[in-house]
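Spelled out from the first residue to the last, the chains are:
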Amino acid sequence: MSGTGDRGALLNTLKKSSPELDGMALLTREGLVVAASLPPGCDEARSCAVTAAVEALSDAMAKEARCGALEQVLIRSHDGNAVVLRGREGAVFCALSGRSMQLGLLFINAARALDTVLSQHGNLLAAMPLEALVAEPEPAALEVPPAAAEPVLPEPDTLQPAAPEASVEPEPAAPEPAAEPAPEPGPAVAEVLVAKPEPLVPVLSVADQEILASIRDYITPYIPALTDRFYEVIEEEPQMGPYVKGRVEALKVTHSPWLTSLFSGDYGAEFARRQAEIGQAHVRANIPPVFVAASMSFLRLIFPPVIASCVVDPEQAEAATAALLRLLSYSQRLIDDKYAQVLERVDQTRQTRPGG
Amino acid sequence: MREAEIQTALVTLTNGSVDIEAAALVSRDGLIIASALAAGMDEARVAAIVAAVLSLGDRMSTELSRGQLEQVLITGKAGHVLLQQSGNHAVLCTIANKAVKLGLLFMDANRAAETITALLA
């Protein structure tokens, strides 16, 4: 992609900017690698994911301790130190030193290296979303890898196919879903979701539900920080900002519990009802569907690094990530369904008009 | 009274310098053991985040081959938060304003951590 050449130049600047350092990485706040030059044996993707998680959580810590907005984090360890700096343009910068480099010197070197990068590539970083520069996006993090989908799912139509299917679905439910009898074996996913939310979520296996519940305790401490970040981003976004203007604090009150509910382990009727309610609220507030889609995409981006950083076993982390991505799609589909019903009404009116 | 002694160690730490504003001792699973926090700080939330930051810092240190984690220093616009292990199961969290001399903060916090380690042993 167009980012590749730019990334090469970035990496060169990084390496030259401070040879005294053991390693450096420039990453997005979501934990994706932009450019990294790390000591041998360090996994770039994992290192950046955990660095971003440390940065996000440290920001929450600084706020909680009334220390103001985060400036830097120092990790002092037996064999060396790491310093994490927040750059402009949503960039996070991490610099490593050996045990021999004095802390004061590390701070100066790290700040200088970040300055060099920003002064030489600031325009580039400002001009394009950082994501466009991301080095080969971590596959497990962005999409459900086929391997992780497992044979648990009868039909692995987990992500993309689902949403359009749901919104085009011509038979979206009797107004009161409860009366519907159990669908025959192997019902179409959309049918089950639209008509009868009781049977457990066909897109989520029992293992999915269990693993999501099992990481709840690890994720919960991040939720306030994630919600803050979510609304920070939305407020700054010119198209989405106006919809939340002046009521961010109020929205956070419902958003945090919603994020928490994703790890409840119980995604039955009550969960489905709640998603439909959220959809209804969005429709009533005249919030365009793209807002929901963009929000969900953002969550798909920011959750995987958080999960990767707090679930120690990589296989478990991958399974949990895949389960969460499926759950987000399910939730989005239920929310979108309310928009589908609006469109359906419009469509029916339009069809009856020329005929009658 | 071990509790009172731990509390005394925290108060000694915060009284040792005008720039050290608060301190808390938190268990590794995120529960408060003792605290000398400033008014308005939420003990439970501080404790939860402290434990989470420390375990992530640990993980980061491993990923980046820096060896065993010793301390995490978080610097915000208005102050610092220093986290360090104290004994096997507790984390000492020291909160200081921006005027604090970092060298002094490290020394004072280390001394308190040692005292508390001995009390918990």
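Residues numbered from 1 in each chain as written. Chains lettered and ligands numbered in written order. Predicted model: local features only at pLDDT ≥ 70, side-chain atom pairs only at ≥ 80, totals over all residues.

### Describing the overall build of chain A
Secondary structure assignment for chain A yields 15 helices and 5 strands. Burial statistics for chain A: of 356 residues in total, 42% are counted as buried. (Helix = DSSP H or I, 4+ residues; strand = E, 2+ residues; numbered from the N terminus. Buried ≥ 20, exposed ≤ 12 C-beta atoms within 10 Å, placed from the backbone.)

### Remarks on the interface of chain B and chain A
Residue-level contacts link 33 residues of chain B with 39 residues of chain A. Contributing elements (two or more residues each) for the side of chain B that touches chain A: helix H2 (43-63), strand E3 (69-76) and strand E4 (79-86) of chain B. Among the elements that take part in the side of chain B that touches chain A, H2 of chain B stands out by supplying 12 residues, more than any other. Class assignment of the residues belonging to the side of chain B that touches chain A gives a composition of 16 nonpolar, 10 polar and 7 charged. Two strands pair when backbone bridges link them, and strand E3 (residues 70-77) of chain A and E3 of chain B are joined in this way by 7 bridges, in the antiparallel orientation. The residue bridging serine 77 of chain A from the neighbouring strand is leucine 69 of chain B, located in E3 of chain B. (Contact = placed C-beta atoms within 7 Å. Nonpolar A, V, L, I, M, F, W, Y, C, P; charged D, E, K, R; others polar. Pairing = 2+ DSSP bridges.)

### Examining the pairing of E4 of chain B
Along any regular strand the residues' side chains alternate between the sheet's two faces. All names here are of chain B. For E4, a buried count of 7 out of 8 residues is recorded, marking the element as mostly surrounded by other parts of the structure. Judged from the 5 bridges that link them, E3 and E4 form a sheet pairing that is antiparallel. Note that in E4 the partner of isoleucine 74 across the bridge is valine 81. Count of turn residues in the E3/E4 antiparallel hairpin: 2 residues. The pairing of E4 with strand E5 (residues 90-97) spans 8 bridges and is antiparallel. Its bridge partner lying in E5, histidine 80 is registered against alanine 96.

### Re the packing of helix H2 (residues 44-64) of chain A against helix H10 (residues 223-236) of chain A
Residues and elements named next belong to chain A. Viewed as axis vectors pointing N to C, H2 and H10 meet at an angle of 95°, and their least axial separation amounts to 9 Å. When the interaxial angle is binned, H2 and H10 end up roughly perpendicular. For the pair H2 and H10, the contacting residues are Ala56, Leu57, Asp59 and Ala60 in the first and Pro224, Ala225 and Arg229 in the second. Of the residues contributing to the contact of H2 with H10, the split by class is 5 nonpolar, no polar and 2 charged. (Axes fitted to C-alpha atoms, helices over the stretch in contact; angles between N-to-C directions. Parallel < 35°, antiparallel > 145°, perpendicular 65-115°, else oblique.)

### A short note on helix H8 (residues 206-214) of chain A
Considered for burial, the residues of H8 of chain A that qualify are Asp208, Ile211 and Leu212 of chain A. Down the axis of H8 of chain A, the buried side of the element spans an arc of 100°, and every buried residue falls inside it. (Arc of directions from axis to C-beta.)

### So, unusual backbone geometry
The backbone of arginine 66 of chain A sits at a positive phi, close to 55°, despite the residue not being glycine. Mapped onto the fold, arginine 66 of chain A is located in the loop between H2 and E3. Arginine 66 of chain A gets classed as partly exposed once you count the C-beta atoms within 10 Å, which come to 17. Backbone geometry at serine 65 of chain B places phi at a positive 50°, although glycine is not the residue there. For serine 65 of chain B, a count of 19 C-beta atoms within 10 Å puts it in the partly exposed group.

### Comments concerning the sheet that holds strand E2 (residues 33-37) of chain A
What the 10 strands build is an open sheet, ordered E2(A)-E1(A)-E5(A)-E4(A)-E3(A)-E3(B)-E4(B)-E5(B)-E1(B)-E2(B); its pairing is antiparallel. Two strands close off the open sheet at either side, each with one partner strand: E2 of chain A together with strand E2 (32-36) of chain B. Along the sheet, successive strands turn relative to each other by an average axial angle of 15°, direction set aside. Strand direction decides the pairing type here: strand E1 (residues 20-27) of chain B and E2 of chain B, joined by 4 bridges, are antiparallel. The residue bridging leucine 25 of chain B from the neighbouring strand is alanine 34 of chain B, located in E2 of chain B. Its contacts with the sheet place helix H1 (residues 2-16) of chain B against E1, E2 and E5 of chain B, and it is angled at close to 150° to E1 of chain B. Against the sheet, H2 of chain B touches E3 and strand E4 (80-86) of chain A together with E1, E2, E3, E4 and E5 of chain B, its axis set at about 120° to E3 of chain B.

### Quick look at the environment of valine 83 of chain A
Residue and element names in this part refer to chain A. Structurally, valine 83 can be placed in strand E4. Here the alpha-carbon distance between valine 83 and leucine 96, two residues 13 residues apart in the chain, equals 6.5 Å. Not counting the four nearest positions on each side in its chain, valine 83 is found in contact with Gln72, Val73, Leu74, Ala95, Leu106, Phe107 and Ala110.

### Concerning the nonpolar core
Considering soluble globular proteins, one finds that nonpolar side chains tend to be buried as a cluster. Ranked by internal contacts, the top residues of the largest apolar core, which has 127 residues, are Leu57 of chain A together with Val50 and Cys93 of chain B. Looking at which element gives the most residues to this core, the answer is H2 of chain A, with 12 residues. In this view, valine 50 of chain B contacts Val26, Leu83, Val91 and Cys93 of chain B; residues no more than four positions away in its chain are not counted. (Core = buried A, V, L, I, M, F, W, Y, C linked by C-beta atoms within 7 Å.)

### Overview of the confidence of the model for chain A
This prediction gives chain A a mean pLDDT of 74; 74% of its residues lie at or above 70. The least confident element of chain A is helix H5 (residues 146-149) of chain A, whose mean pLDDT is 34; the most confident is E3 of chain A, at 96. (pLDDT = per-residue confidence, 0-100.)

### Let's talk about the packing of H2 of chain A against H2 of chain B
Where H2 of chain A meets H2 of chain B, the axes come as close as 9 Å, and the angle between the chain directions of the two elements is 155°. Taken together, the axis directions place H2 of chain A and H2 of chain B in an arrangement best described as roughly antiparallel. When the axes of H2 of chain A and H2 of chain B are compared, the crossing they make is left-handed. Contact residues: H2 of chain A offers Arg46, Ser47, Val50, Thr51, Ala53, Val54, Leu57, Ser58, Ala60, Met61 and Glu64 of chain A, while H2 of chain B offers Arg45, Val46, Ile49, Ala52, Val53, Leu56, Gly57, Arg59, Met60 and Glu63 of chain B. For the contact of H2 of chain A with H2 of chain B, the class distribution of residues is 12 nonpolar, 4 polar and 5 charged. (Left-handed = near helix turned anticlockwise from the far one by under 90°.)

### Describing the environment of valine 91 of chain B
Residue and element names in this part refer to chain B. Tracing the backbone shows valine 91 in strand E5. Residue classification places valine 91 among the buried positions, given that 24 C-beta atoms sit within 10 Å. Separated by 62 residues in sequence, valine 91 and aspartate 29 place their C-alpha atoms 9.7 Å apart.

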